[in-house]
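Remarks on the overall topology
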Amino acid sequence: MPRHLPEPFRIKSVEPIRLTTAAERQAIMEAGGNNMFNVPADKVYIDLLTDSGTGAMSDNQWAGLQIGDESYAGCRNWFHFEKTVRDLTGLKHIIPTHQGRVAENLLFGAVVHDKIVINNNHFDTTRANVLAHGGEPLDMVIDEGRDPSSLYPFKGNINLARLQKALSEKGPDKIALVMLTLTNNSGGGQPVSMENIRSAHKITAQYGIPLFFDACRFAENAYFIKLREPGYADQPVRDIVREMFSYADGCTMSAKKDGLVNIGGFLALNDSALAERVKVELIRKEGFFTYGGLAGRDLEAIARGLHEVLNDDYLAYRIGQVKFLGDLLFENDVPLLLPPGGHAIYLDATRFAPHIPVDQFPGQSIAVNLYLQSGIRSTEIGSFMFYQRDKETGRLLKSSMELVRLAIPRRVYTESHLRYVAESVIELYQKRDELRGLRIVANGESPLRHFIARLEFV
Ligand code: F0G
């Protein structure tokens with residue numbers, strides 16, 4: 001038996017991709033203000049902008065679309081969806097939304113007011129939603145989680161000593177909730193250990209503050225626990241997931257990641273009074289609480305995706321594929337955040353382009369140049385994306401790391417696509433001295449500026 005196993009699927013439907021010319025790409029970058037979100041997708045060869053909503057559904061999920069029941073209230077797919085999420089999480093109230101950020105918005109609208117939300121690391125929309133509700137997002141990932149070269153196996157863990165201190169000093173009057181982002185996207189797709197989740201639960205329960213998961217990549221997190229945490233090697237992933245959620249009071253979820261679908265999400269929680277308040281808002285903003293902004297067929301695809309994502313062969317392939325790309329880059333001395341994350345490889349821009357100062361966004365320069373050179377789209381996760389001013393001084397805060405994320409869509413690209421990506425990044429790294437920094441020339445004052453700002457090379 002060969003040691004290396006190929007992708008655990010065969011391809012039934014294909015979508016052509018085309019490599020543009022260097023001149024075309026130059027024109028696109030100039031027209032789009034060097035912002036990767038302004039590139040038309042058909043002008044991208046390999047699209048690693050995000051793993052969100054970009055995955056390929058299975059034949060079983062496509063078949064599920066055909067039995068979509070589009071009744072306004074109580075469609076049959078809703079009952080399948082609700083049961084699936086409840087079985088998976090053990091949480092009482094399941095509230096469908098059309099994507100993860102709506103779940104955040106509904107939750108924060110109900111509980112944040114002007115309070116603090118503590119997270120290992122807030123992701124961009126999560127941070128923006130806390131700020132939009134007058135709250136203060138605080139990041140408390142462990143020190144290893146801010147060090148790109150640390151090989152600590154659970155770099156997504158929250159700093160329990162800092163958490164305990166904040167909760168004891170401020171208490172429930174000042175802190176709305178504690179969140180754990182699984183896996184920690186802004187921190188490199190790094191997992192949180194069961195031991196850390198359990199301890200965070202103990203501390204939050206002691207102070208009567210709810211613990212929520214930002215659960216987008218819960219299955220990848222569970223698989224890392226199986227691989228790395230003593231005592232879990234022989235446990236089915238489903239059981240690991242159940243134990244993880246047994247410590248949570250609720251979760252927000254973007255099904256566009258580990259739901260293996262192109263659209264969908266949910267909020268799930270145990271607090272019945274809170275659930276009733278949120279459902280009223282849901283009806284006002286998204287739709288009735290048995291569809292929440294989705295079609296019946298979408299609910300069916302999510303329910304099926306949530307079963308498929310727990311498959312061991314799938315998760316071994318998924319985590320292995322990301323590691324495969326990471327290993328190719330590591331072997332060629334490209335500086336990256338280690339160990340490889342669950343959904344993406346993150347280049348360490350600080351070491352990749354040390355001659356570019358942080359306020360000239362080294363990560364954005366790498367992303368733009370990787371597109372210009374090879375037609376690959378990636379995204380900066382650093383001081384261009386991170387925008388938050390100090391509450392007292394108004395000073396612009398800095399991101400703790402300067403990264404470029406190569407996010408791998410689920411079940412979309414093969415090993416040979418990833419080889420092309422690795423060769424392209426290695427080629428760019430060899431020319432790194434030629435990279436120049438960028439400055440923002442428009443739309444730079446917003447927590448979501450990375451979606452709308454325009455930049456030019458200095
Ligand atoms: N939380 C995390 C950790 C995320 O990564 C995302 C989305 C969201 C919440 C919001 O979910 O997109 O369904 O509204 N992340 C995508 C990304 C966009 O590229 O990482 P959504």
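Residues numbered from 1 in each chain as written. Predicted model: local features only at pLDDT ≥ 70, side-chain atom pairs only at ≥ 80, totals over all residues. Heavy atoms only, no water.

Structural notes on the nonpolar core
We apply this condition: Here, nonpolar core means buried Ala, Val, Leu, Ile, Met, Phe, Trp, Tyr and Cys residues that are tied together by side-chain atoms lying within 4.5 Å of each other. Three labels apply to residues, based on accessible area from a 1.4 Å probe with only protein chains included: buried if under 20% of the type maximum, exposed if over 50%, partly exposed otherwise in between. Runs of H or I in DSSP of at least four residues are treated as helices and runs of E of at least two as strands, each being numbered from the N terminus. An automatic or database domain assignment supplies the start and end points of every domain. Any two residues having at least one pair of non-hydrogen atoms within 4.5 Å are treated as being in contact.
Ranked by internal contacts, the top residues of the largest apolar core, which has 63 residues, are Ile118, Leu180, Phe213, Phe218 and Met244. In terms of residue count, helix α8 (residues 218-228) provides more of this core than any other element does, six residues in total. When residues of this core are assigned to domains, at least three map to each of domain 1 (22-51 + 311-457) and domain 2 (60-308). Residue contacts for Phe218: discarding those within four places in its chain leaves Leu88, Leu182, Val241, Met244, Phe245, Met253, Asp258, Leu306, Val309 and Leu310. Counting residues in each nonpolar core, the second largest holds 46 residues, with Val39, Leu336, Leu347 and Leu435 among its members.

Considerations on the sheet that holds strand β7 (residues 250-254)
Put simply, the rule is: Being paired, for any two strands, means DSSP has found at least two bridges between them. Note on method: axes are straight lines fitted to C-alpha atoms, helices fitted across the in-contact stretch only, with angles between N-to-C directions ranging 0 to 180 degrees.
Pairing within the open sheet is mixed, and its seven strands lie in the order β2-β8-β7-β6-β5-β3-β4. Edge positions in the open sheet fall to β2 (93-97) and β4 (136-139), since each of these has one partner strand only. Taking each pair of neighbouring strands and ignoring which way they run, the sheet shows an average axis angle of 20 degrees. Where strand β3 (residues 116-119) meets strand β5 (residues 175-181), four bridges bridge the pair, whose relative direction is parallel. Across the sheet, residue Val117 finds its bridge partner in β5, namely Leu177. Contacting β3, β4 and β5, helix α6 (residues 160-174) runs over the sheet at an angle of about 140 degrees to β5.

Topic: the site of the ligand
Convention followed: If even one non-hydrogen atom of a residue comes within 4 Å of a molecule or strand, that residue is called near it. Two N or O atoms count as a polar contact when they lie within 3.5 Å, although within protein this holds only if one can serve as hydrogen donor and the other as acceptor, and sequence-adjacent residues are included solely when both atoms are side-chain atoms.
By nearness alone, 18 residues border the ligand, and Thr50, Arg101, Ser254, Lys257 and Arg405 come closest of all. Side-chain polar atom of Thr50 to an oxygen atom of the ligand: 2.7 Å apart, as the coordinates give it. The separation between an oxygen atom of the ligand and a polar side-chain atom of Arg405 is 2.7 Å. If you list the elements that add at least two residues to the shell around the ligand, you get α4 (100-111) and α5 (124-132).

Concerning the domain arrangement of the protein
Applied cut-off: Put simply, buried area is how much 1.4 Å-probe accessible surface two parts lose in total, over both of them, once they are put together. Whenever Lys or Arg places a side-chain nitrogen within 4 Å of a carboxyl oxygen from Asp or Glu, that contact is recorded as a salt bridge. Following the grouping adopted for this structure description, the nonpolar residues are Ala, Val, Leu, Ile, Met, Phe, Trp, Tyr, Cys and Pro, the charged ones are Asp, Glu, Lys and Arg, and the polar ones are all others, Gly among them.
The domains assigned to the protein are domain 1 (22-51 + 311-457) and domain 2 (60-308). Between the C-alpha centres of domain 1 and domain 2 there is a distance of 25 Å. In this complex, domain 1 contributes 34 residues to the contact, which on the side of domain 2 involves 42 residues. Summed over both partners, the interface of domain 1 with domain 2 comes to about 2900 Å²; 58% of that surface belongs to carbon and sulfur atoms. At the surface where domain 1 touches domain 2, the tally comes to six salt bridges. Measuring nitrogen to oxygen at the nearest pair gives 2.9 Å for the salt bridge that ties Glu308 to Arg411. The tally of links between domain 1 and domain 2 comes to 16 residue pairs in polar contact (both at pLDDT 80 or more). Every element with two or more residues in the side of domain 1 that touches domain 2 is listed here: α12 (312-331), β9 (344-348), β12 (403-407) and α16 (449-452). Ranked by residue count, the leading element in the side of domain 1 that touches domain 2 is α12, at six residues. Split by residue class, the side of domain 1 that touches domain 2 holds 19 nonpolar, seven polar and eight charged.

Side note on the sheet that holds β9
If you trace the three strands from one edge of the open sheet to the other, you get β9-β12-β11, paired in antiparallel fashion. Only two strands of the sheet have a single neighbouring strand rather than two, namely β9 and β11 (379-381). For this sheet the average axis-to-axis angle between neighbouring strands, irrespective of direction, equals 35 degrees. Examined bridge by bridge, β11 and β12 share three bridges and lie antiparallel to one another. Looking at β12, one finds that Ile381 is bridged to Leu403. Contacts between α12 and the sheet are confined to β9 and β12, with β9 contributing the most and set at about 25 degrees to the helix.

What about the packing of helix α3 (residues 76-89) against helix α9 (residues 237-246)?
Definition in use: Here the word oblique covers every angle except those under 35 degrees (roughly parallel), over 145 (roughly antiparallel) and from 65 to 115 (roughly perpendicular).
Packing of α3 against α9 leaves a shortest axis separation of 7 Å and a crossing angle of 80 degrees. Of the possible angle classes, the one that applies to α3 and α9 is roughly perpendicular. Side by side, α3 and α9 meet where Arg86, Asp87, Leu88 and Thr89 of the first sit next to Arg238, Val241, Arg242 and Phe245 of the second. Here the contact of α3 with α9 is built from residues that sort into three nonpolar, one polar and four charged.

Observations regarding the packing of aromatic side chains
To be explicit about the condition: Between the rings of Phe, Tyr and Trp (Trp by its six-membered ring), a pair exists once the centres lie within 6.5 Å; its type follows the angle of the planes, with under 30 degrees stacked, over 60 edge-to-face, and the other angles tilted. Only Lys NZ and Arg CZ are tested; either one counts as a charge over a ring when it is within 6 Å of the ring centre and within 35 degrees of the ring normal.
For the structure on display, the rule yields 13 aromatic pairs. Of the aromatic side chains, those joined through ring pairs into one cluster are Tyr72, Phe288, Phe289 and Tyr291. In this arrangement the basic side chain of Lys279 is found over the ring face of Phe289, its NZ or CZ atom lying 4.7 Å from the centre. Over the ring of Tyr429 we find Arg432, and its NZ or CZ is 3.9 Å from the ring centre.

Describing the pattern of salt bridges
Within the structure shown, the criterion is met by 27 salt bridges. Arg198 is paired through a salt bridge with Glu243; the nearest N and O atoms lie 3.0 Å apart. Taken together, the residues Arg198 in helix α7 (residues 194-207) and Glu243 in helix α9 connect sequence positions 45 residues apart. Note that Glu415 and Arg419 form a salt bridge whose closest N and O atoms lie 3.4 Å from each other. Taken together, the positions of Glu415 and Arg419, both in helix α15 (residues 415-430) and four residues apart, correspond to about one turn of that helix. The class of Arg419 is partly exposed, set by a relative accessible area of 39%. Each of Asp51, Arg217, Glu220, Asp258, Arg318 and Arg410 takes part in a single network of salt bridges with overlapping partners.

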